[in-house]
Amino acid sequence: MSEQTAIPVHEITPAADLAARFPGAVTVDTRKGYEGCIVDRDHLVEVATAVRDEFGYDYLSSVTGVDYLPEGMMEVVYHAYKTTGGPGLAFKAQTPRDDAVVPSLVAVYPGADLQEREAWDLLGIRFEGHPDLRRILMWEGFAGHPLRKDWKEPYFEEEGKPFKNRWPDGQVYRIEDKNPFDNNVQYPEGFDPAQFEVDDESLLYESLKRSIRGRDSALDTDVIMVNMGPQHPSTHGVFRVAVALEGEKIVALKPVMGYLHRNHEKIGERNTFLHNMPFTDRLDYLSSLSNNFGYALAVEKLMNIRPPERAEYLRVIMAELTRISNHLFAVGTFLNDLGAYFTPVLYAIEERELILDIFEATTGSRMMCNYFRFGGLTRDLPEGIAEKIRRLVYERLPRKIDELDLYLTNNEVVRSRTEGVGVLTPEQAIAYSTCGPVLRASGVPYDIRRAEPYSIYDRFDFDVAVRYHGDTYDRYLIRIDELRQSVRILQQAIKDLPEGPIQEGKPQYQVRVPAGEAYGRVEGPKGELGFYVISTGKPNPWRYHVRAPSFINLTGYEKMCVGNKVADVVAILGSIDIVLGETDR
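A quick note: this is a predicted structure, and the numbers were derived from the prediction, not measured.

Enquirer: Quick rundown of the overall build of the protein? Include the residues and the values.
Expert: Of regular secondary structure, the protein possesses 19 helices and 15 strands. Computed over the C-alpha atoms, the radius of gyration of the protein is 24 Å, within 12% of the 25 Å expected from 2.2 N^0.38 for a compact globule of 585 residues. Taken over the C-alpha atoms alone, the protein extends approximately 70 × 60 × 60 Å along its principal axes. A sequence separation of at least 24 residues applies to 69% of the contacts in the protein between residues at least 6 apart. Here the protein has roughly 24,200 Å² of accessible surface; of this, 51% comes from carbon and sulfur atoms.

Enquirer: Could you give an account of the nonpolar core, naming the residues involved and the relevant values?
Expert: Ranked by internal contacts, the top residues of the largest apolar core, which has 161 residues, are Y78, F91 and Y557. Among the elements that make up this core, the one with the highest residue count is helix 8 (residues 309–338) (14 residues). Excluding anything up to four places from it in sequence, F91 contacts C37, V39, L44, A48, V51, V76, V77, Y78, A80 and L105. Formed by eight residues, the second largest nonpolar core is a distinct cluster that contains L204, I212, A242 and V256.

Enquirer: Help me get a handle on empty space enclosed by the protein, residues and values and all.
Expert: Tallied over the entire structure, the rule returns six cavities of 30 Å³ or more. For the largest cavity, the calculated volume is near 70 Å³. Lining the largest cavity are 13 residues, with L286, L356, F359, R366 and M367 sitting closest to its centre. Elements with a minimum of two residues in the lining of the largest cavity: helix 7 (288–303), helix 8 and helix 9 (343–363). Ranked by the residues each element gives to the lining of the largest cavity, the list is headed by helix 9, at three residues.

Enquirer: Describe unusual backbone geometry, listing the residues and the values that go with them.
Expert: The omega angle of the peptide bond from K161 to P162 is 0°, so this bond is cis rather than trans. Residue placement: P162 occurs in the loop between strand 7 (126–128) and helix 4 (200–212). Phi at N304 takes a positive value of approximately 55°, unusual for a residue other than glycine. Tracing the sequence through the fold places N304 in the loop between helix 7 and helix 8. Even without being a glycine, N370 presents a positive backbone phi close to 45°. Structurally, the position occupied by N370 is in the loop between helix 9 and strand 11 (372–373).

Enquirer: Tell me about the layout of surface pockets, and name the residues and values.
Expert: Considering only enclosed or pocket space, the largest pocket measures out at about 1,200 Å³ in volume. Lining the largest pocket are 48 residues, with M138, W139, F142, W151 and H261 sitting closest to its centre. If you list the elements that add at least two residues to the lining of the largest pocket, you get helix 4, strand 10 (249–256) and helix 5 (264–270). A per-class count over the lining of the largest pocket returns 24 nonpolar, seven polar and 17 charged.

Enquirer: Could you give me a rundown of the pattern of salt bridges, with the residues and numbers involved?
Expert: Tallied over the full model, the rule gives 51 salt bridges. Ionic contacts of the salt-bridge type, sharing partners, join the residues E320, R323, R440, D447, R449, E482 and E523 into one network.

Enquirer: So, the sheet that holds strand 3 (residues 59–68): which residues are in play, and what are the values?
Expert: Sheet strands associate in pairs through backbone hydrogen bonding, adopting either a parallel or an antiparallel arrangement. One open sheet accounts for five strands, arranged 1-2-5-4-3; its pairing is mixed. Looking at which strands have only one partner, the edges of the open sheet turn out to be strand 1 (26–28) and strand 3. Each neighbouring strand pair of the sheet contributes to a mean axis angle of 25°, computed without reference to strand direction. Bridge count for strand 4 (residues 73–81) against strand 5 (residues 89–96) is eight bridges, and the pairing is antiparallel. Within strand 5, the residue paired with V77 across the bridge is K92. Across the face of the sheet, helix 2 (residues 44–53) comes into contact with strand 1, strand 2 (37–39), strand 4 and strand 5 while running at roughly 175° to strand 5. Strands in contact with helix 3 (residues 113–123) are strand 3 and strand 4; relative to strand 3, the strand with the most contacts, it is inclined by about 10°.

Enquirer: Outline the sheet that holds strand 9 (residues 240–246), listing residues and values.
Expert: Here three strands make up an open sheet; going across it, the order is 8-9-10 and the pairing antiparallel. The sheet is open, and its two edges are formed by strand 8 (224–228) and strand 10, each paired on a single side. For this sheet, the mean inter-axis angle between neighbouring strands, taken without regard to orientation, is 25°. Note: strand 9 against strand 10, seven bridges, orientation antiparallel. By the bridge assignment for strand 10, L245 is matched with I250.

Enquirer: Describe helix 18 (residues 566–576), with residues and values.
Expert: Taken across its 11 residues, helix 18 has nine buried, putting it largely inside the fold. When helix 18 is considered as a whole, its buried residues turn out to be D568, V569, V570, A571, I572, L573, G574, S575 and I576.

Enquirer: Explain the side chain of R449 to me, using residue names and the numbers behind them.
Expert: Note on placement: R449 falls in helix 14 (residues 448–451). Looking at R449, its side chain comes within polar contact range of the side chain of E320, at 3.2 Å. A polar contact of 2.7 Å, which involves the side chain of R449, links it to the side chain of D447. Apart from the residues lying within four places of it in its own chain, the contact partners of R449 are E320, R323, Y454, Y457, F462, I489 and E523.

Enquirer: Describe helix 15 (residues 472–496), listing the residues and the values that go with them.
Expert: Between its first and last C-alpha atoms helix 15 spans 37 Å; for 25 residues at 1.5 Å apiece the expected length is 36 Å, and the two agree. By the criterion of burial, helix 15 is predominantly enclosed, with 19 of the 25 residues buried.

Rules used in this analysis
- Residues numbered from 1 in each chain as written.
- Predicted model: local features only at pLDDT ≥ 70, side-chain atom pairs only at ≥ 80, totals over all residues.
- Heavy atoms only, no water.
- Helix = DSSP H or I, 4+ residues; strand = E, 2+ residues; numbered from the N terminus.
- Rg over C-alpha atoms; globule rule 2.2 N^0.38 Å.
- Contact = heavy atoms within 4.5 Å.
- Areas by Shrake-Rupley, 256 points an atom, 1.4 Å probe, with all protein chains shown as cover.
- Core = buried A, V, L, I, M, F, W, Y, C linked by side-chain atoms within 4.5 Å.
- Buried < 20%, exposed > 50% of the residue type's maximum accessible area, 1.4 Å probe, protein only.
- 1 Å grid on protein atoms, 1.4 Å probe; cavity = no way out; pocket = protein on both sides within 12 Å on 5 of 7 lines; lining within 4 Å.
- Points joined across faces, edges and corners; volume = space filled by probe spheres on them.
- Nonpolar A, V, L, I, M, F, W, Y, C, P; charged D, E, K, R; others polar.
- Salt bridge = Lys/Arg side-chain N within 4 Å of Asp/Glu carboxyl O.
- Pairing = 2+ DSSP bridges.
- Axes fitted to C-alpha atoms, helices over the stretch in contact; angles between N-to-C directions.
- Polar contact = N/O pair within 3.5 Å; in protein donor to acceptor, adjacent residues only side chain to side chain.
- Expected span 1.5 Å × (residues − 1).

What follows is the structure, given as structure tokens:
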């Protein structure tokens, strides 16, 4: 994994420019198949500040860790972009594995907050100076850091799939039957669960108290702590919000997640590259085809392949139908959160069902579609489906979107509950690494389909939807705007859909992925969905990381809620549009 290759002297890249700006502290990453630069951890904060202020990479998209067990090293990987558009800059910090410590970048990029906590939780990398370094997906009493390469679960069988008893031996048995533990649980030596008391709740409430210290208050009032969820009908799944209240006013808020965590990334590193495709469906389970898209792009970068023309058009068609399906559901459930119980959402779901009919006919499934493959798609459109899409995008959907707009947008209750509520300024939206409709509703016209076009999006005429108040109302309006833009793209794509093959080369049950790293990202319905993948040339990924928009958009949730009322907490969450399968992974 540490094989070196020479970089031509004449090749000027942002990484080379950064290395020239910080000689000795920054070096170009010359590992074969890798990109970006490596930053000395003692200079990380200084370099990151220059990356933001001097080089203009004001948007920190992704932060994750990698365990290089054979080298005894941990690496933290950062992907930064310019909100004016263009390709990104990857920079990395390395630290010894047995004392994994790097400086926190929360003071430079506040959007690193939840992502650094995740890297600490799952990989054991401590971020020095982080304001609230607690576990985020595992519980505080959990033993170890499960994404480390030497961590084994109780029912551990093998490092990679397919397991030998399944293939090629075919002598299938359940590892549970050969395991000495009666339950799927493992305790450290000398640990007695009956005597153990974990202090994780006090850590959470102490974090809340730190947020309210030094606040100004016109009245001498008590602050009380209240929990909403995880068993709450309007928290969009098993999601918990711990809030500090002064009367009805929110003075501090901490999101608590992980109740649905199943270590998707550990599973992904045990799977083969191809095995992972149907697992992406289970992330944002309302947007499976967008999830397929992002993962396919990452692996295709490593394989240096592109799908045929017809496959590219079908990918865009499926992705934009997914965006419409997601936004219809988001708008309908958002109205539920405002108290318009189930009437608007039923109208929205009716249109979504017609899109799911297309997915079912084409992929064999309504929600877990598993349709993309590296270099193409599993199958072509069935007979009559292209015409069904054509009628939908030219006739029915434009009319139904107009109806939603007519009935909801100027509704007195909708406007009174949402205008001026949950405001996030453009500067805050960028700083907190928000993405998708949340970012664009705050006046930042950043859409990856335009900022760094992938697939064939540069061929289509559409506008980047943007609103400028940054409130809950604009986060609703932006989705109405995007519904119309997706219809525009679909009308062009179905009109220009060429004939031809839908797969590059022959379909394969096992793919050869060259060694290296790749970050593939798409503009999913909820924002930037990214997959960071490292290959060693073997059948299974060494690292598989999901940059989940539902998770990262929650970084700014407290900022949106402070100063608002308890009832607004639910409305603001609905305007972010999260799915817990993606948040928790």
